[in-house]
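Residue-level structure breakdown
This is what each chain is made of:
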Amino acid sequence: MATFLYKLGRLAFRRRHFVALIWVALLTLAGAGAASAPAAGSSSFSIPGTEAQKAFDLLEERFPGMSADGATARVVFKAPGGEKMTDAGHKAAVRETVKELGAGPEVASVTDPYQARAVSKDGTIAYASVSYKVSGMELQETSKDALKEAAQDARDAGLTVEIGGDALQAVPETGTTEIIGIAVAAVVLVITFGSLVAAGLPLLTALIGVGIGVSTIAALASALELGSTTSTLAMMIGLAVGIDYALFIVSRYRAELAEGREREEAAGRAVGTAGSAVVFAGLTVVIALVGLAVVNIPMLTKMGVAAAGTVAIAVLIALTMIPALLGYAGRRVMPAGRKSRWLGGGRAAKTASGEPGSGGGAAKPNMGTRWAGFVVRRPVAVLLLGVLGLGAAAVPAASLELGLPDDGSQPTSTTQRRAYDLLSQGFGAGFNGPLVVVVDAGSSDDAQAAFRHVSDEIKGLEDVVTVTPPAPNKAGDTATITVVPDAEPSSAATEDLVHAIRDAGTGIKAATGAEVLVTGSTAMNIDVSQKLNDALLPYLVLVVGLAFLLLIVVFRSILVPLKAALGFLLSVLAALGAVVAVFQWGWLAGLMGVEETGPVMSMMPIFMVGVVFGLAMDYEVFLVTRMREAYVHGEKPDQAVVTGFRYGARVVTAAAVIMIAVFAGFIGSSESMVKMIGFGLAIAVFFDAFVVRMAIVPAVLALLGRTAWWLPRWLDRALPNVDVEGEGLRRAGERGRAGEADEDRDMVRL
């Protein structure tokens, strides 16, 4: 592989105009597609194989006019202090509001609170339910404005009015912190390279790659029902890996220049060596993201595949466009150890490697060399400290509670949250999470009797506040029953009630022939959490297993990939503990902009396992391939660890800081899901890069010695030789120098 990539790098350097034209054309094509594509519609949230989804599908089939997937709104009214909603003046104001709400062209139905008995027992709170023909993302702005204006008219009449539901949902905003993250990345690159031009290359290529990826997602969003979170995730991961991959190749290019090689040759060798690591690091990320399809949740699968596509683009750009841009940059990208005149250049900087051009005299060992030497001398102490520290950070993960966000997790400043609180105050905590029981009596001899039997059974269960009369469809073979729990939607009591109804359905089917299914947002959340929990272990085995095999090929070792996988588990558990501490317990919540604490998003554990594993393997590949390269070239195991850190620690540190900055930038998002993902990934990269890869990995390798690179002979013969460390390039170079020496001797004889 190193030889192929070496040739690719030299070709891209020579044919820079052609390579740049291709990428600019792709960016233009993707941008044009995004601009001309229809607006994204609803991103349907289906969970195949769950009872809640089966009931939802049955509702769409048997109740075709109810717009089961349409947007909904609850307009909640509260009377002034000392007054009641049943007062004549307030009744008139509410009915006028209901009339206004029903006039919209996209409105399917509106309920009158006084006819639907939607007034609290104390008479102070009432609500009107509005159903729309289209989803919240497809709802026209005119319909949203009409909803807000109707509410304002009721406020002008003296009532407190708030609006809940998904009718007012907006596209999430990431805020200015995302720009700050990119700015931090730029500063780190300038410090690392000592050159504005060299620092600009990774940023430019990462932005081009993300532009192509996100524009392609936007172009396909309507056809594939891709939600806004899909493009946000692709942007988040694409920026981080795009900058990092380019950073490693540019760094290796400068190191090759420092060894006296011509620029085209340096570009080829940089792509042949660091590019090989980029390919395998990218493959681990792609495997982890595409592997999310194992969970069988279409939304999660689409997010993973879209992000994986963006990562693949980042890899291709790093291998082709970076050497092309290095050709354009020429002497403005200087050898390692030199700075531009604008940044105090004109003289050589001290380096640990003593590369040519780094100045005369003995070079002072850099921080990476000194740190690796310390770890090699005290591996047991460093290992114990690292493991115990991550173990302490992982302790909160034992209290992990999972759920999906609803209006109750919104900031108190939003009208959705205030409506949620008013409904809880007037009708009880469970009113915001009603259960919809669907009774399929198509196989029953007496459908009406079956409906009554189901209703009576549910009334006898614990934690039930209200059971509405069965509402049959026109055919009379299916009915819906709304059940209001006593506890809030995310509570364990409500989950127990869902299971109790389903357990009762088994006996009901045996007695009446009718099938009982439970759905609704609360039941859907419970089923999603269960499905994700059940899929976590198979997913972990698949992703870690495939990546383990891939790393065996890369490192030609059994213990190094095993150590990499175990270190990842420590990182992800510690990161989950940090997420629980902030988003569930409320530690540092104000600093992170978390206004409301509550259960951690259900898909967070499996999502973090996938993404963090892929990113963790990036640093493993980049750092350990340098050690492997030194070991293959004859250094002792301990010295190979120090050499790997001498050349790789500074760059890996810069890459980790950049990735942390990019992910942390998304903590400013208005979407709680994006905020949690941004924080989780940022803290996971911190733990993995600075504790696992920088401390635990060298300590373990120092303890293992030569055993770390052991591989059974039969497996060594069976595995393909991908030559990530560039041994083939080194031998080719030696043969070339030997040939030149022979020619010189022949000339002397002549």
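Throughout what follows, the structure given in this document is the object of discussion. (Residues numbered from 1 in each chain as written. Predicted model: local features only at pLDDT ≥ 70, side-chain atom pairs only at ≥ 80, totals over all residues. Heavy atoms only, no water.)

This part covers the packing of helix α7 (residues 196–224) against helix α10 (residues 298–329). The geometry of α7 relative to α10 is characterised by a closest axis approach of 8 Å and an angle of 145° between their N-to-C directions. For the element pair α7 and α10, the recorded crossing hand is right-handed. On the side of α7, the interface is formed by Val-197, Leu-201, Leu-204, Thr-205, Ile-208, Gly-209, Ile-212, Gly-213, Ile-217 and Leu-224, while α10 contributes Lys-302, Ala-306, Thr-310, Ile-313, Ile-317, Met-321, Ile-322, Leu-325, Leu-326 and Ala-329. For the contact of α7 with α10, the class distribution of residues is 15 nonpolar, four polar and one charged. (Axes fitted to C-alpha atoms, helices over the stretch in contact; angles between N-to-C directions. Helix = DSSP H or I, 4+ residues; strand = E, 2+ residues; numbered from the N terminus. Left-handed = near helix turned anticlockwise from the far one by under 90°. Contact = heavy atoms within 4.5 Å. Nonpolar A, V, L, I, M, F, W, Y, C, P; charged D, E, K, R; others polar.)

The subject of this paragraph is the pattern of salt bridges. Opposite charge on two side chains permits them to pair, given that their charged atoms come into close proximity. One pass over the full model with this rule turns up 21 salt bridges. The salt bridge involving Glu-162 is made with Arg-418; its shortest N-O contact spans 3.0 Å. Of the two residues, Glu-162 sits in strand β4 (residues 160–165) while Arg-418 sits in helix α13 (residues 415–427), which places them 256 residues apart along the sequence. Under the relative-accessibility criterion, Glu-162 is labelled buried at 9%. Note on Arg-418: relative accessible area 34%, which makes it partly exposed. In this structure, the salt-bridge partner of Asp-716 is Arg-556, at a minimum N-O distance of 2.9 Å. One end of the pair, Asp-716, is in helix α22 (residues 713–718); the other, Arg-556, is in the loop between α16 (521–555) and α17 (559–584), with 160 residues separating them in the sequence. (Salt bridge = Lys/Arg side-chain N within 4 Å of Asp/Glu carboxyl O. Buried < 20%, exposed > 50% of the residue type's maximum accessible area, 1.4 Å probe, protein only.)

Turning our eyes to something else, we now look at the packing of aromatic side chains. Each aromatic ring pair is specified by the distance between its two centres and by the angle formed by the two planes. Evaluation of the coordinates by the stated rule reveals nine aromatic pairs. Here the aromatic rings of Tyr-127 and Phe-427 are separated by 5.4 Å at their centres, their planes lie at 85°, and the arrangement is edge-to-face. Of this pair, Tyr-127 sits in strand β3 (residues 125–132) while Phe-427 sits in helix α13, placing them 300 residues apart in sequence. Pair check on accessibility: Tyr-127 and Phe-427 agree, each one buried. Among the aromatic residues, ring-to-ring pairing joins Tyr-127, Phe-427 and Phe-431 into one connected group. Above the plane of the ring of Tyr-328 lies Arg-16, whose end atom (NZ or CZ) is 6.0 Å from the centre. Positioned above the aromatic ring of Tyr-127 is the side chain of Arg-74, whose terminal nitrogen or guanidinium carbon lies 5.3 Å from the ring centre. (Phe/Tyr/Trp six-rings, centres within 6.5 Å; stacked < 30°, edge-to-face > 60°. Lys NZ or Arg CZ within 6 Å of the ring centre and 35° of its normal.)

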